[in-house]
Amino acid sequence: MAESSNWTHLHAQVHRTLLYRQILPSNQRLLVAVSGGQDSLCLIKLLLDLQPKWGWNLAIVHCDHRWRSDSEASANHVEQLAKNWGISYYLETASDIPKTEAAARQWRYQALTEIAIAHNYPYIVTGHTASDRAETLLYNLIRGSGADGLSALTWTRPLADFRLGNSGENPNSQISADLRLENQDENSQSKIQNLKSKIYLVRPLLEITRSQTGQFCLEQKLPIWEDYTNQDLQYNRNRIRSELLPYLETHFNPKAQQALAQTAELLRADVEYLELAASDLLQRAMSPIADSPQVNFQLPVKLNRSILREAPLALQRRAMRQILQQILPSAPSFESVEKLTSLIVAPNRSQTDPFPGGAIGRVEHPSIILDIKF
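Just so we're clear, the structure is a prediction, and the values are computed from it rather than from any experiment. (Residues numbered from 1 in each chain as written. Predicted model: local features only at pLDDT ≥ 70, side-chain atom pairs only at ≥ 80, totals over all residues. Heavy atoms only, no water.)

## Remarks on the overall build of the protein
In terms of regular secondary structure, the protein is built from 14 helices and 10 strands. Taking all 374 residues of the protein together, the buried fraction comes to 48%. Across the protein, the fraction of contacts at a sequence separation of at least 24, relative to all contacts at a separation of at least 6, is 70%. If you sum the accessible surface of the protein, you get close to 18800 Å²; carbon and sulfur atoms cover 49% of it. (Helix = DSSP H or I, 4+ residues; strand = E, 2+ residues; numbered from the N terminus. Buried < 20%, exposed > 50% of the residue type's maximum accessible area, 1.4 Å probe, protein only. Contact = heavy atoms within 4.5 Å. Areas by Shrake-Rupley, 256 points an atom, 1.4 Å probe, with all protein chains shown as cover.)

What follows is the structure, encoded as structure tokens:
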């Protein structure tokens, strides 16, 4: 148990957030991702200090990408902190050094998920802040993302979303579906998948900025391990953090980070509503094909165009994207969604060129048929 500390404004703010949002239930096992930087140190200290009120069982996990020459020393530093606080520590070291930010993110979330499954932690907690949310919004805006990307970094999400490739944060950051060990039977595989579906990623600091976590670490005398790669401007996020956001704060809005984070929060509520409405539209428009009485996402798929035509374009696009997410081998592009959406009003016998994986869409009035082209 951590030593008691002065109750600060940040303690009160996070405590209120948890009470209001109900994202980390009491008496749960929490696996806290700690890199050694200021955000994750602020997170673990706040959770340790709140632990008596919530009854959590806390553990630290550290992922070593092996990107830095001091990465092993950094891992040892975090391990020593865990020992000082008397909590469990787990380390995962990359066997192959990730070559890109997207690859590193994919490996990291897969490693976190595997550790959570192996040691029965239903919640993985990360130190993403309002500053991260603002940076992600800008990063995705520049890349041409829609509302889903702009509202990325949610308070909580099932990690099964990563396995299914439904991450709005980055289309390349999908967790591999294959978390199975060799020689497992079907029952053990099913248990792993069931456990995985019950693991949640939680971000309790999304209303707190990076400057606040830095000030908290200073006041609490927490030993930050500085990551010098954060200063490398070859990474787009670092350039947004070091150059673009300060420029916006200096010349446009001194509270640009908070404003952008609030925009992401507003968009998230809109996105969740639209996704539910699109899912309902898709279920009403789908019909079973051949001898199967069940409506499912296995090809071929038949879609009722008159039902789809009655919906607003925003819902049409989302419904088409949802079905493409299920049948394509990778996240559907804007162009793919537009191609399929255009068939809703296209003349009879119109068809698309092949989507990735070989599927095509064609109009057989009054339906759209999605099938593999042989």
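## Examining the packing of aromatic side chains
In the structure shown here, the tally under the stated rule is four aromatic pairs. Relative to W56, the ring of W54 has its centre 5.4 Å away and its plane inclined at 10 degrees; by these criteria the two rings are stacked. For W54, a relative accessible area of 8% puts it in the buried group. Here the basic side chain of R108 rests over the ring of Y109, its NZ or CZ set 5.9 Å away from the ring centre. (Phe/Tyr/Trp six-rings, centres within 6.5 Å; stacked < 30°, edge-to-face > 60°. Lys NZ or Arg CZ within 6 Å of the ring centre and 35° of its normal.)

## A few points about the side chain of S131
Position of S131 relative to the elements: it lies in helix α5 (residues 130–142). Classification of S131 as buried rests on a relative accessible area of 0%. For S131, the side chain forms a polar contact with the main-chain nitrogen of R210, separated by 2.8 Å. Apart from residues no more than four positions distant in its own chain, S131 is found in contact with I208, T209, R210 and Q257. (Polar contact = N/O pair within 3.5 Å; in protein donor to acceptor, adjacent residues only side chain to side chain.)

## As for the sheet that holds strand β3 (residues 88–93)
With respect to topology, six strands assemble into an open sheet ordered β3-β2-β1-β4-β6-β5, the strand pairing being mixed. Bordering the open sheet on either side are β3 and β5 (156–158), each of which pairs with just one other strand. Across the sheet, the axes of successive neighbouring strands diverge by a mean angle of 25 degrees, strand direction being ignored. Where strand β1 (residues 29–33) meets strand β4 (residues 123–125), three bridges bridge the pair, whose relative direction is parallel. Looking across to β4, one finds that V32 is bridged to V125. Of the strands in this sheet, β2 (57–64) and β3 are in contact with helix α3 (residues 71–85), which crosses β2 at around 175 degrees. Here helix α4 (residues 101–119) sits on the sheet in contact with β1, β2, β3, β4 and β6 (200–202), set at roughly 145 degrees to β2. (Pairing = 2+ DSSP bridges. Axes fitted to C-alpha atoms, helices over the stretch in contact; angles between N-to-C directions.)

## What to know about the pairing of β1
For β1, the buried fraction is high: four of the five residues fall into the buried class. As paired strands, β1 and β2 are joined by five bridges and run parallel to one another. Bridge pairing in β2 places R29 opposite N57. Tracing the backbone out of β1, into helix α2 (residues 38–54) and back to the parallel element β2 gives a crossover that is right-handed. (Right-handed = clockwise from strand over helix to strand, strands pointing away.)

## A short note on the environment of S35
Along the polypeptide, S35 turns up in the loop between β1 and α2. Look at S35 and you get partly exposed, because its relative accessible area is 44%. Each C-alpha atom of the pair S35 and V61 lies 8.4 Å from the other, and the pair is 26 residues apart in sequence. With sequence-adjacent residues up to four places away left out, S35 is seen in contact with S40, H62, S74 and V78.

## Here we look at the nonpolar core
One finds L24, I44, W56 and I60 to be the most contacted residues of the largest nonpolar core, which totals 37 residues. Counting residues per element, the ones that place at least two in this core are α1 (9–21), β1, α2, β2, α3, β4 and α9 (210–220). Here the element with the most residues in this core is α2; it accounts for nine residues. Among all residues touching W56, those that are not within four sequence positions of it are L18, L24, P25, S26, N27, Q28, L30, L47, L50 and Q51. One finds L315, L324, L328 and L370 within the second-largest nonpolar core, a separate group that totals 25 residues. (Core = buried A, V, L, I, M, F, W, Y, C linked by side-chain atoms within 4.5 Å.)

## Examining the confidence of the model for the protein
Looking at the protein as a whole, its pLDDT mean stands at 85, while 84% of the residues score no less than 70. Between residues 160–196, whose pLDDT stays under 50, and residues either more than four places distant or in other chains, the model counts 64 contacts. Low pLDDT, under 50, characterises residues 290–295; the stretch is placed with six contacts to residues that sit more than four places away or in other chains. (pLDDT = per-residue confidence, 0-100.)

## Considering the sheet that holds strand β7 (residues 286–287)
Sheet architecture is open: four strands sit in the order β7-β8-β10-β9, paired in antiparallel fashion. Strand pairing shows two members of the sheet lacking a second neighbour, β7 and β9 (359–364), which therefore form its edges.

## With respect to the packing of α1 against α2
In contact at an axis separation of 10 Å, α1 and α2 are set at 65 degrees when each is read in the N-to-C sense. Considering their axes alone, α1 and α2 lie roughly perpendicular with respect to each other. α1 and α2 meet at a crossing whose hand is right-handed. Here α1 contributes L10, H11, V14, H15, L18 and L19 to the contact with α2, which in turn contributes C42, L46, D49, L50, K53 and W54. (Parallel < 35°, antiparallel > 145°, perpendicular 65-115°, else oblique. Left-handed = near helix turned anticlockwise from the far one by under 90°.)

## Some words on the pairing of β9
As paired elements, β9 and strand β10 (residues 367–372) share six bridges and run antiparallel to each other. Each residue of the ladder has a partner; that of E364, found in β10, is S367. The turn joining β9 and β10, which pair antiparallel and follow one another in sequence, is formed by two residues.

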